[in-house]
Amino acid sequence: MIKESLSDMRYNWVHIVLFLAPILIIVLVLIGMIVWTGAVSMDKWVGMAPVWQFNGLQNYATLFRMERFWGALQNNLIWMVAFIIPSAMLGLLLAYGLTLSGRAESLFRPLFLYPLALSFVVTGTLWAWLYDPEAGVINNILKSVGLGGLGQPWIADPRQATFCLIGAAIWQYTGFAMTLYLAAIRDIPGEIFEAAKVDGASDIQIFRHVVVPNVTQATLVTTAMLTIFSLKVFDLVWVITFGGPGTSTEVLGFFMFVATYRQAFVGLGAAISVIILILAIAVVVPYAWWSMKRLQT
Amino acid sequence: MFTGKKGMAVLGLLVIASMVLTACGPAPTPEVVEKVVKETVVVKEEVQVEVTKVVEKEVVVTATPPPPAPVAKELTVYHWWTAGGEKQAMDVIFKHFSAANPDIKIVDNPVAGGGGITLKTVMQGMLAAKMPPDTFQSLSGSELKMYVDGAYLEPVDDVWKANNLDTNYPAVINKMVTFNGKKYGIPMNAHRANWLFYNVPLFEELGLEPPTNVDELITVAKTIKAQKPDVSPIALGSRDKWTAIFLFDVVLLSEGGPDVYEKFYTGQLDVATDPTIKAAFEKYKALIPYLYPYHGAKIWSDIPPLLGEGKVGMMVIGDFAAAQLVQAGYVEGKDWEAVGFPQEPEEVFLMIVDTFTRPVGIKHPEANTAWLSNLADPDTQAEFNIIKGSIAIHKDVPDTNYPDDLHQRASAAFKGKRIVPASAHGALAPQNFLSDWQDILTRFLYTGDVDAALDQTSLVMTSYDVAGQSEWYWAK
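Keep in mind that this is a model prediction, so the values were computed, not measured.

*Asks:* Can you help me understand the overall build of chain B in this one?
*Replies:* Check the secondary structure of chain B and you find 20 helices and 14 strands. Looking at the 476 residues of chain B, the share that counts as buried comes to 49%. Sequence separation of at least 24 residues holds for 79% of the intrachain contacts in chain B that already meet a minimum separation of 6.

Written as structure tokens, this is what we have:
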């Protein structure tokens, strides 16, 4: 019965169009925007109004000559390394911890997820205050436990500022990684755990030999998504340091906004967007290819 | 539906595809134009299958209101006066406008973001989409020029002439709204950027006089540092970046005077070789040891309370800091005082001017004319500026209009001293240069590398053609 009605539907084009229309419209608009951005990136657009004067790859050439571009790119790469690895590892540890905690899980899980529900502006404002070298929470806590000597200038120091931003992002995104890992751990057949326990494995041994090898899929999803986040990070930088001190915490997204809206170098800004897109694709395509292959087997 | 590892892979692909697509649209407009609302819905435990599903949705909410229906009597206003006192000040303008034009309905669209950073982004979109509001706020000078260059503005010479503003406004303001021989905005208030605020009890205790030039500033700072090691002699909040320009500007005015100042910001000097600019950077460097050490973590409004408390000795900022001090309960003359700075070689009024405009293709031109005329009215300006914390630019508003000493002195300086457009916020120097300039200066506050700063400044000046962009300032 069900099979028949399904085959009826296959030929009902009205239904197909009706149900696919929303996603088609969304995808077309997005693709349209990408194409438009690509076109603008090859345009001589400087100033508020469009210029529409073909400029070839000149904007890209200008960009590659700018020290500022390489600085921003370097910061994005720092983000990738210093943000993704700790977030994923902490997420996995928390997920396993929650699995072990039994009933307490339902209490703790939302607690770790709450930061994800906050807007970046709220997180940014909050962390800017935590990091304040004088009035901030971190240095004052250190002081109150007699460790005032460990106090740092945090965001007031160009060498530390990017890592401070990454700290805030880790706080916000660990819960996200945790959720993905939690799902992956739930996916591991219970018999494996039981068998390991019967064999006398400790929790740590189970983590190493049962959990870690069985969550590679989740690791890939988590890493890919955190990579994309770290490529398009903008809000935290804008709110906490505004790219400063100097330009020490600028990332590509921030540079793009400043170039486009503050400086009206719209063509240049579009070129930066295209580079962010290319970087994102470079991360996602291998992942997509790999998962498709896996789906087929 | 999605179970097991396959499910995870499919879900992951979908989410990633949506993230990539949203990542690569045109440059994001993060503050007010669009809000990206992230929502993570955790769907837990179906009956038999133990799977946790994470569905991440990105919902884009466009905050720009739809274009207003063409009502005969209506005025759509976009501005950035949203902070406490600013909103009340705007209400004064509305009050005067409605009294004179009871049949016109005001559609108020405040866009938060100091100095109009966000409004500019919103305007760029609305104007490009040919959906102009009936009037919007801009700063006079190079920022206004950006809209004129985009052919987004109509001249307002009719209002200018009808209100006799050639006589009633200072000549420099005339210059700051004139492009290609036509007027493109009606200004109505001026902020003074070159105030040196200082803590009175500290100065009295140490027997100090407020400095009149940058050398004295350094001497005073030295004394404070020697006698009160816990007090930071000079403070700024460079997380805002533009505050670094305010401080540099007074140093430059002290070293070179207003002529050099105007020439520098309009690209008339060869920065790489000019001795005055180098000297200014050297003096700026000499201030670094006396600065509040954590300036990179503070914004400008964090500083006035520290000054009131006596944790910092001095700060260079616009008159808008006075409101912060008063609100925090510190009394002018007793707890803090401000002097125009520098007074040598010449005391000037370093000015930031707010302006309203007439966009091309608006629906209610008569309402726009009525709005602009109301702004040029001395009575509106008098009442508005008391609340706004700036001063009126119409010469009929007397110095005694203002209840506090600081603004009375500002008004007197406005009438008696030379007026120079401030560089910060795009009154004088072009926007694209300013953005890099504030980065160069904040970086310099950490490195103190004069040669590198001169090189970078010179490079930006030439590659952005600051001289060409600033021709309007020297046009006869």
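*Asks:* How do you make sense of the overall build of chain A when you look at a structure like this?
*Replies:* Check the secondary structure of chain A and you find 14 helices and zero strands. Overall size of chain A, expressed as C-alpha extent along the three principal axes, is 75 × 70 × 30 Å. When contacts within chain A are restricted to residue pairs at least 6 apart in sequence, long-range pairs at least 24 apart make up 70% of them.

*Asks:* I would appreciate a short explanation of the environment of Phe444 of chain B in the present structure.
*Replies:* All names here are of chain B. Residue placement: Phe444 occurs in helix H17 (residues 431-447). The exposure class of Phe444 is buried, given the 23 C-beta atoms found within 10 Å. A C-alpha to C-alpha distance of 9.3 Å links Phe444 and Ile288, two positions 156 residues apart in sequence. When neighbours within four sequence positions are excluded, Phe444 is seen to be in contact with Asp449 and Ala453.

*Asks:* Just checking my understanding: could you explain the packing of helix H4 (residues 67-100) of chain A against helix H11 (residues 216-232) of chain A for this structure?
*Replies:* When two helices pack together, their arrangement is given by the angle between the helix axes and the distance between those axes. Residue and element names in this part refer to chain A. It is the contact of H4 with H11, at a shortest axis distance of 9 Å, that shows an interaxial angle of 145°. In this structure, the crossing between H4 and H11 has a hand that is right-handed. Here Asn76, Trp79, Met80, Phe83, Ile84, Ser87, Ala88 and Gly91 of H4 come into contact with H11, specifically with Thr219, Thr222, Thr223, Leu226, Thr227, Ser230 and Leu231. Its residues assigned to classes, the contact of H4 with H11 comprises seven nonpolar, eight polar and no charged.

*Asks:* I tried to follow the confidence of the model for chain B on my own but got confused; where do I start?
*Replies:* Any residue range with low pLDDT should be treated as having predicted coordinates unsuitable for detailed reading. Residues and elements named next belong to chain B. Of all residues in chain B, 84% attain a pLDDT of 70 or more, and the chain-wide mean is 86. In the predicted structure, residues 21-41 sits below a pLDDT of 50 and forms 63 contacts with residues beyond four places in sequence or in another chain. Throughout residues 49-57 the model reports pLDDT below 50, and contacts reaching past four residues in sequence, or to other chains, amount to 26 contacts. Scoring of the predicted complex yields 0.84 for pTM and 0.85 for ipTM.

*Asks:* Please clarify how the nonpolar core should be interpreted in this entry.
*Replies:* A general trend in soluble globular proteins is that nonpolar side chains are found buried together. Core analysis: the largest hydrophobic core is formed by 211 residues, its most contacted members being Tyr181 and Ile272 of chain A together with Phe197, Met315 and Met351 of chain B. Among the elements that take part in this core, helix H8 (residues 161-187) of chain A stands out by supplying 17 residues, more than any other. Of the residues that make up this core, three or more belong to each of domain 2 (74-192 + 351-424) and domain 3 (195-341 + 430-474) of chain B. Setting aside chain neighbours within four positions, we find Ile272 of chain A in contact with Leu63, Leu252, Phe255, Met256 and Ala259 of chain A.

*Asks:* What is the right way to look at the sheet that holds strand S9 (residues 195-199) of chain B in this model?
*Replies:* Sheets are built from strands paired through backbone hydrogen bonds, the pairs being either parallel or antiparallel. All names here are of chain B. Across the sheet, which stays open at both edges, the four strands sit in the order S10-S11-S9-S12 with mixed pairing between neighbours. Two strands in the sheet have a free side with no partner beyond their single neighbour: strand S10 (232-235) and strand S12 (336-340). The average undirected angle you get between the axes of adjacent strands in this sheet is 20°. Note that S9 and S12 share five bridges and pair antiparallel. Opposite Leu196, over in S12, you have Val339 as the bridge partner.

*Asks:* Quick question: what am I supposed to make of unusual backbone geometry here?
*Replies:* Among all residues except glycine, the phi angle is most often negative; among peptide bonds, the trans geometry is most common. A cis amide bond links Gly244 of chain A with the next residue in sequence, Pro245 of chain A, at an omega value of -5°. Pro345 of chain B follows Glu344 of chain B through a cis peptide bond whose omega is 0°. Phi at Trp52 of chain A takes a positive value of approximately 50°, unusual for a residue other than glycine. Inspection of the secondary structure assignment puts Trp52 of chain A in the loop between helix H2 (13-41) and helix H3 (58-65). By C-beta crowding, Trp52 of chain A is classed as exposed, having 10 other C-beta atoms within 10 Å. For Asn180 of chain B, which is not glycine, the phi dihedral falls at a positive 50°. Mapped onto the elements of the fold, Asn180 of chain B is located in the loop between strand S6 (178-179) and strand S7 (182-183). Since 11 C-beta atoms lie within 10 Å of it, Asn180 of chain B is described here as exposed.

*Asks:* Is there a simple way to explain helix H5 (residues 105-117) of chain A in this structure?
*Replies:* Since the α-helix packs 3.6 residues into each turn, any two residues three or four apart lie on the same face. Under the 1.5 Å per step criterion, the end-to-end length of H5 of chain A is 19 Å for 13 residues, consistent within 8% with the ideal 18 Å. Of the residues making up H5 of chain A, those classed as buried are Arg109, Phe112 and Leu116 of chain A.

*Asks:* What's the story with H11 of chain A in this structure? I'm lost.
*Replies:* Compared with the 24 Å implied by 1.5 Å per residue over 17 residues, the 24 Å span of H11 of chain A between its first and last C-alpha is a close match. In terms of burial, H11 of chain A is a largely internal element, 13 of the 17 residues being buried.

*Asks:* I keep staring at the environment of Ala88 of chain A and nothing clicks. Help me out?
*Replies:* Residues and elements named next belong to chain A. Looking at the secondary structure, you find Ala88 in helix H4. Sequence separation between Ala88 and Tyr181 is 93 residues, and the spatial gap between their C-alpha atoms is 8.8 Å. In contact with Ala88, not counting residues within four places along its chain, are Ala177, Thr219, Thr222, Thr223 and Leu226.

The rules behind these values
- Residues numbered from 1 in each chain as written.
- Chains lettered and ligands numbered in written order.
- Predicted model: local features only at pLDDT ≥ 70, side-chain atom pairs only at ≥ 80, totals over all residues.
- Helix = DSSP H or I, 4+ residues; strand = E, 2+ residues; numbered from the N terminus.
- Buried ≥ 20, exposed ≤ 12 C-beta atoms within 10 Å, placed from the backbone.
- Contact = placed C-beta atoms within 7 Å.
- Axes fitted to C-alpha atoms, helices over the stretch in contact; angles between N-to-C directions.
- Left-handed = near helix turned anticlockwise from the far one by under 90°.
- Nonpolar A, V, L, I, M, F, W, Y, C, P; charged D, E, K, R; others polar.
- pLDDT = per-residue confidence, 0-100.
- Core = buried A, V, L, I, M, F, W, Y, C linked by C-beta atoms within 7 Å.
- Domains from an automatic or database assignment.
- Pairing = 2+ DSSP bridges.
- Expected span 1.5 Å × (residues − 1).

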